[in-house]
Amino acid sequence: MENQLAKSTEERTFQYQDSLPSLPVPSLEESLKKYLESVKPFANEEEYKKTEEIVKKFQNGIGEKLHQKLVERAKEKRNWLEEWWLNVAYLDVRIPSQLNVNFGGPAPHVEHYWPPKEGTQLERGSISLWHNLNYWQLLRKEKLPVDKVGNTPLDMNQFRMLFSTCKIPGISRDSIMNYFRTESEGYSPTHIVVLCRGRVFVFDAIHEGCLITPPEILRQLTYIHKKCHSEPDGPGVAALTSEERTRWAKARDYLINLDPENLTRLEKIQSSLLVYSLEDDSPHVTPEDYSQVIAMVLTGDPTVRWGDKSYNLISFSNGVLGCNCDHAPYDAMVMVSISYYVDEKILENEGRWKGSEKARDMPLPEELVFTVDEKVLSDINQAKAQYLKQASDLQVVAYPFTHFGKKLTKKKMLHPDTFIQLALQLAYYRLHGRPGCCYETAMTRFFYHGRTETVRSCTAEAVRWCQCMQDPVATTLERKQMMLQAFAKHNKMMKDCSTGKGFDRHLLGLSLIAREEGLPVPELFTDPLFSRSGGGGNFVLSTSLIGYLRVQGVVVPMVHSGYGVFYHIRDDRFVVACSAWKSCAETDAEKLVQLIFHAFQDMMQLMDSAHL
């Protein structure tokens, strides 16, 4: 009886999903007021007045009608945004998604038991895979703790998308296939796909009803590795996933028409738990410099990544691990969760497997050999060529700032995330001589199927402070006061955005209602200030806090003349990764990161000058 009781009071991962509040629609007046504030730093007086007129006209005219329709839609759906966001942000996008949309990062094991070391790839891979499989079992059994803020549960739906999930290319819109089921829901696929030297292998993670052990996984990986290193390379069908979406959709249709068995092979990859990538490269990485490894998880060999897969676990020749993930089905915090879990287990076990070395007899991995012809091989070569061309244009730098971290900023009563956002504003202002419109991710997981909202970090308060920092006659006191005003503004915006009171998704909803109703695009969205302030995916700075754990990652910039800035916060350091395009003459990720670190010092100096 006692045991029964303990069982029933234990929280299940997805138990609160039905009781989460619906995503609210903010007030039109509030959203438009916030929008106007956000465009101010990018307008002269005349431009601002014109935009003010456009907003007023919108509010009293078509905007009100669109808003009412949005409110009606929200009555029918628990999350009025979900389907729209998935389509507009991800599935309708036609540019190659593997490099432009996916996120990736290195596993933090290099900081402790697993520094780069040749000859460790397969052994470490088998241990890491085993811990990943244990996490998968926790999810299947719903034993993964519910994420909460205080006592308030957050939406956990995105965790369903981590395993056995894949994007399928379409001619004009992609789709997502999710094969994962919890134990109580029924069968969930149990096989893993391994990509090595252009070839595809598959083996089961369950044998005789239980998980295979690291020695058993090692045997499977060794078999694949040996085979691939003693025989010719495969065609590298995986490279097709790095292609422009419509082209990949057509190439995929052709593959299936060539041989119906090719569809069975594709479905095997799509439904697999995850894709395990055996890379031949050995990226340089130290706790002081993550630049090369991050660049390689984003831009490595396209024949050993399945770009549409929600989870590619990447294993480099020198025993360094990382991941590359499709961004459509979930946001980075899911990957942070599993990466941290695996890293903690590796720490606990000192990087070793401490169980039995015995390996049971089990079937060897099966190779999935695609039927290909000259056209398919030519499609693969074309995909590789466009991918490698764009990949070679990416600049990535990632370093830790180690003079101080969360501990000191909190001691000074400063929010560490806001601290980094304002340092970034100052760094951009110093480097480019103008404000940089900025997208910071806020999470909306208080709500059913909530994902993200945009915090526009480039506020009028932040710009005034940047100008003041560059003004030689400004006093330390003025600089400090303006900085604290900018902090207060940012903190309020973050709180608003997380609680459903942001405005970017609201404006997106209004523009989509207009499109669905066949109405002309409202002037609000064609006004030059709309895109100049970042609207329509034009943010020069695309940024996100990856969390307060040891996990780091990066995404490419949102626009060609922009930066991707991704950072995590620890007690004693801030780790900042920045991406930019080499072909843009005016951006320089290396310079920007150095200026961010310089800004950290300047800001802390202001706080230390309390007596002034």
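Along every chain, residues carry numbers that run from 1 in the direction the sequence is written. With pLDDT at 70 or above as the cut-off, local features in this predicted model cover only qualifying residues; side-chain atom pairs require 80 or more to be listed or tallied, and sums for whole chains, interfaces and linings still use all residues. For the side-chain quantities, the full set of heavy atoms in the structure was used; hydrogens and water were omitted.

## Looking at the nonpolar core
Phe 419, Trp 465, Leu 507, Val 565, Leu 592, Ile 596 and Phe 600 are the most contacted members of the largest nonpolar core, which totals 85 residues. Grouped together as the second largest cluster of nonpolar side chains are 73 residues, Tyr 135, Val 194, Leu 273 and Ala 398 included. Among the buried residues, those of types Ala, Val, Leu, Ile, Met, Phe, Trp, Tyr and Cys that are joined through side-chain atoms within 4.5 Å form a nonpolar core. Each residue is assigned to one of three classes by its accessible area relative to the maximum for its type, calculated with a 1.4 Å probe on protein chains only: buried under 20%, partly exposed between the two thresholds, exposed over 50%.

## Comments concerning the packing of aromatic side chains
For Phe, Tyr and Trp, where Trp contributes only its six-membered ring, two rings pair if their centres lie within 6.5 Å, and the inter-plane angle classes them as stacked under 30 degrees, edge-to-face over 60, or tilted in between. Per the counting criterion, the structure on display carries 23 aromatic pairs. Between Tyr 35 and Phe 503, the aromatic rings sit 6.2 Å apart at their centres with planes inclined by 65°, giving edge-to-face as the arrangement. Of this pair, Tyr 35 sits in helix H2 (residues 28-39) while Phe 503 sits in the loop between helix H17 (476-498) and helix H18 (504-516), placing them 468 residues apart in sequence. Comparing Tyr 35 with Phe 503 shows no difference in burial state: the two are buried. Through a chain of ring-to-ring contacts, the aromatic side chains of Phe 401, Phe 404, Phe 419, Phe 574, Phe 597 and Phe 600 assemble into a single cluster. Working definition: helices are DSSP H or I runs of at least four residues, strands are E runs of at least two. Numbering for both runs from the N terminus.

## Here we look at helix H10 (residues 260-271)
By this rule, a helix spans an expected 1.5 Å times one less than how many residues it contains. Counted at 1.5 Å a residue, the expected span for H10 with its 12 residues is 16 Å, and the 17 Å between its end C-alpha atoms agrees. If you check which residues of H10 are buried, you get Asn 262, Arg 265, Leu 266, Ile 269, Gln 270 and Ser 271. By definition, residues are in contact when any of their heavy atoms lie within 4.5 Å. Check the buried side of H10 and you find it contacts strand E4 (165-168), strand E6 (191-196), strand E7 (199-204), helix H9 (245-258) and strand E10 (275-278). Whenever two N or O atoms come within 3.5 Å, that pair is a polar contact, provided that in protein one can donate a hydrogen and the other can accept it, and provided that, for residues adjacent in sequence, both atoms are side-chain atoms. N-capping of H10 is provided by Asp 259, with a side-chain oxygen placed 2.9 Å from the backbone N of Glu 261.

## Looking at the confidence of the model for the protein
Overall, the predicted model of the protein reaches an average pLDDT of 96, with 98% of residues at or above 70. Each residue carries a pLDDT score, the predictor's confidence in it, ranging from 0 to 100. Note that residues 1-8 has pLDDT below 50 and, in this model, zero contacts with residues that lie over four places away or in other chains.

## Some remarks on the pattern of salt bridges
Salt bridge, as used here: a side-chain nitrogen of Lys or Arg that lies within 4 Å of a carboxyl oxygen of Asp or Glu. Scanning all chains against the criterion turns up 42 salt bridges. In this structure, the salt-bridge partner of Lys 227 is Glu 231, at a minimum N-O distance of 3.4 Å. Its relative accessible area of 31% is what places Glu 231 among the partly exposed residues. One salt-bridge network, in which partners are shared between bridges, spans Arg 94, Asp 174, Arg 245 and Asp 308.

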